[in-house]
Amino acid sequence: MARKYFGTDGVRGRVGQSPITPDFVMRLGYSAGKVLVAHGAKQGNLKTGDRPEVLIGKDTRISGYMLEAALEAGFSAAGVDVCLVGPMPTPAVAYLTRALRLQAGIVISASHNPYYDNGIKFFSAQGTKLDDAIEAEIEAGIDAPLTCVQSSELGRARRIDDAAGRYIEFCKSTFPNEFDLRGLKIVVDCANGAAYHIAPHVFHELGAEIVAIGADPNGLNINKDVGATSTAALSNAVLANKADLGIALDGDADRVMMVDGNGNVFDGDQLLLAVVRSRLRRGPVAGVVGTLMTNLAFEHALSQLNVPFARAAVGDRYVLEMLQDKGWLFGGENSGHILCLDKHTTGDGIVSALQVLTALCEEGGDLQSLLAKLELYPQQLINVPLSKGFPWKDHPAINAAKQQVESELAGAGRVLLRASGTEPLLRVMVEGQDAEKVLAAAEKLANAVREAVTT
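Residues numbered from 1 in each chain as written. Predicted model: local features only at pLDDT ≥ 70, side-chain atom pairs only at ≥ 80, totals over all residues. Heavy atoms only, no water.

## As for the sheet that holds strand β18 (residues 425-432)
Here three strands make up an open sheet; going across it, the order is β16-β18-β17 and the pairing antiparallel. At either end of the open sheet lies a strand with only one pairing partner, and these are β16 (379-385) and β17 (413-419). Averaged over all pairs of adjacent strands, the angle between strand axes in this sheet comes to 15°, irrespective of strand direction. The sheet contact formed by β16 and β18 spans seven bridges and is antiparallel. By the bridge assignment, glutamine 379 is partnered in β18 with glutamate 431. Running over the sheet, helix α13 (residues 396-409) touches β17 and β18 and is turned about 160° from β17. (Pairing = 2+ DSSP bridges. Helix = DSSP H or I, 4+ residues; strand = E, 2+ residues; numbered from the N terminus. Axes fitted to C-alpha atoms, helices over the stretch in contact; angles between N-to-C directions. Contact = heavy atoms within 4.5 Å.)

## A few points about the environment of leucine 409
Mapped onto the fold, leucine 409 is located in helix α13. Residues in contact with leucine 409, not counting those within four places in the same chain, are Arg414, Val415, Val430 and Glu431.

## Some words on the sheet that holds strand β5 (residues 117-123)
Judged by pairing direction, the sheet is mixed, and its six strands sit side by side in the order β1-β5-β4-β2-β3-β6 without closing on themselves. In this open sheet, the two edge strands, each paired with only one partner strand, are β1 (11-14) and β6 (157-159). For this sheet, the mean inter-axis angle between neighbouring strands, taken without regard to orientation, is 20°. Looking at chain direction, strand β4 (residues 104-108) and β5 are connected through four bridges and run antiparallel. Pairing of isoleucine 108 across the sheet is with isoleucine 120, part of β5. Against the sheet, helix α2 (residues 63-77) engages β2 (53-58), β3 (81-87), β4, β5 and β6, with an angle of about 170° to β2.

## Overview of the packing of helix α8 (residues 268-280) against helix α11 (residues 349-363)
Viewed as axis vectors pointing N to C, α8 and α11 meet at an angle of 55°, and their least axial separation amounts to 9 Å. By the criterion of interaxial angle, the relationship of α8 to α11 is oblique. Viewed along their axes, α8 and α11 form a crossing whose handedness is left-handed. For the pair α8 and α11, the contacting residues are Leu271, Ala274, Val275, Arg277, Ser278 and Arg279 in the first and Gln355, Val356, Thr358, Ala359, Glu362 and Glu363 in the second. Residues that form the contact of α8 with α11 fall into these classes: five nonpolar, three polar and four charged. (Parallel < 35°, antiparallel > 145°, perpendicular 65-115°, else oblique. Left-handed = near helix turned anticlockwise from the far one by under 90°. Nonpolar A, V, L, I, M, F, W, Y, C, P; charged D, E, K, R; others polar.)

## Some points on the pairing of strand β12 (residues 288-291)
Burial along β12 is two-sided: the face carrying Val288 and Gly290 and the face carrying Val289 and Thr291 are both buried. One ladder, built from four bridges, connects β12 with strand β13 (residues 309-312); its direction is parallel. Its bridge partner being in β13, valine 289 is matched across the sheet by alanine 310. Handedness of the crossover joining β12 and β13 through helix α9 (residues 296-304) is recorded here as right-handed. As paired elements, β12 and strand β14 (residues 330-332) share two bridges and run parallel to each other. Looking at the pairing, valine 288 lines up with phenylalanine 330 of β14. (Buried < 20%, exposed > 50% of the residue type's maximum accessible area, 1.4 Å probe, protein only. Right-handed = clockwise from strand over helix to strand, strands pointing away.)

## Side note on the nonpolar core
In this structure, Phe203, Ile247, Met258, Ile350 and Leu357 are the most contacted members of the largest nonpolar core, which totals 70 residues. Among the elements that line this core, the one with the most residues is α11, at eight residues. If you look at the next biggest cluster of nonpolar residues, it comprises 31 residues, including Leu28, Ile108, Ile120 and Leu130. (Core = buried A, V, L, I, M, F, W, Y, C linked by side-chain atoms within 4.5 Å.)

## Some remarks on α11
Taking 1.5 Å per residue, 15 residues should reach 21 Å; α11 reaches 21 Å between its end C-alpha atoms and fits that length. Among the 15 residues that make up α11, twelve are buried, leaving the element largely enclosed by the rest of the structure. Structurally, the start of α11 carries an N-cap: the backbone nitrogen of isoleucine 350 is 3.0 Å from a side-chain oxygen of aspartate 348. A positive phi of about 75° marks glycine 364, the residue just after α11. (Expected span 1.5 Å × (residues − 1). Polar contact = N/O pair within 3.5 Å; in protein donor to acceptor, adjacent residues only side chain to side chain.)

## Things to note about unusual backbone geometry
For residues other than glycine, phi is negative in most cases, and the peptide bonds are mostly trans. Backbone torsion omega between serine 18 and proline 19 reads 10°, so that peptide bond is classified as cis. Structurally, proline 19 is set in the loop between β1 and α1 (22-43). With phi around 50°, asparagine 192 is a residue other than glycine that occupies positive phi space. Inspection of the secondary structure puts asparagine 192 in the loop between β7 (185-189) and α6 (199-205).

## Side note on the packing of aromatic side chains
The full count for this structure, using the stated rule, is six aromatic pairs. Ring centres of tyrosine 167 and phenylalanine 170 lie 6.2 Å apart, and the angle between their planes is 25°; on these two criteria the pair is classed as stacked. Note that tyrosine 167 and phenylalanine 170 are positioned in helix α5 (residues 163-173) at a spacing of three residues, about one turn of the helix. With respect to class, tyrosine 167 is no different from phenylalanine 170; both count as buried. Sitting over the ring of tyrosine 116, arginine 14 keeps its end group 4.1 Å from the ring centre. Here the basic side chain of lysine 326 rests over the ring of tryptophan 328, its NZ or CZ set 5.0 Å away from the ring centre. (Phe/Tyr/Trp six-rings, centres within 6.5 Å; stacked < 30°, edge-to-face > 60°. Lys NZ or Arg CZ within 6 Å of the ring centre and 35° of its normal.)

As structure tokens, then:
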């Protein structure tokens, strides 16, 4: 179904440009509120006279203040009560929405994007991404005139002061009671984002000595040269502090990368395999979901473990949808989104790191010995700027270049072209066992795309 505003992960864009403007976000809140009121009445979730109640969290972008106020106004005008928690990781909003029995959770964040972007995404009462059908209903009402319920029916707002503490305890509960992190020195990179006041406490309270970086947000430095998308800062800090390992989150803390004591970076595929191997010690794993970007070596490693594997479209919501369809529990992306549905309803960077640390406690040794069991095939990703609406799928020159590269790889690799769901980019990916061939093939294909786009 074609969408006007919603993308793969809510509504996202440049602040001050449509749709991330105060008037639009107020109308978004109003439309979402009206839909929630209607669904609550239809499903009998609300008693007569009760109002739906939603939770709003945000990351540390300066625009979050403005957008939070606009959302609050829209929900209030629709007769919906609002709980405000301030800066809070995306998975924390999912957890708190479920724990507090609220009708929905809303996150103001653009995840790993720079500070000048922002977005709005929704969670259901169950702590999962909102159904496509409900998102479509919300979108259909955004352009309608904004009115207001009677004054006696306006929504109220309240602040939840202990939200961070609640979530810290939840994260710790996903780590086995028989283990602790004593003796480990861990660098935690919070990306100057939503977990700056949470992640260091979680790992410290489990016994680790903590060095925190990227934990001084100023509204403008989220994801800037730190975090899961800029792991050099973490590698350098691990080496400088002679730490045992490092953990990097992104701006809204739903993805994670890890670094060993030598500064080597391990991605989501390697972390997920460690989690799966850990779960196999306790019993069978029904299957694992990856994406079109998942490294071929990961698929081969699961085959050796006799664990079924399936690929979803890129995006954690599509991984989650396939997991739910198949009744499986584990999935993720190489970018660091990892889903452990036996622990949480959504991807959670802190919880995922704790599952890897559980595997480390079980096996002993260090992170290098644990995670190097999956040797990834060389994979080259090149982003090519792409104007909105450009017909790249049907472009003859792009298709011809893709076919030629696939022929040159001779079945010893993969080629993938896909448009980003969050940025105006075409992602060109080539993967294979020969690093030089992979790099040459990716550059050749990316150059062909650039030429096609500019002519």
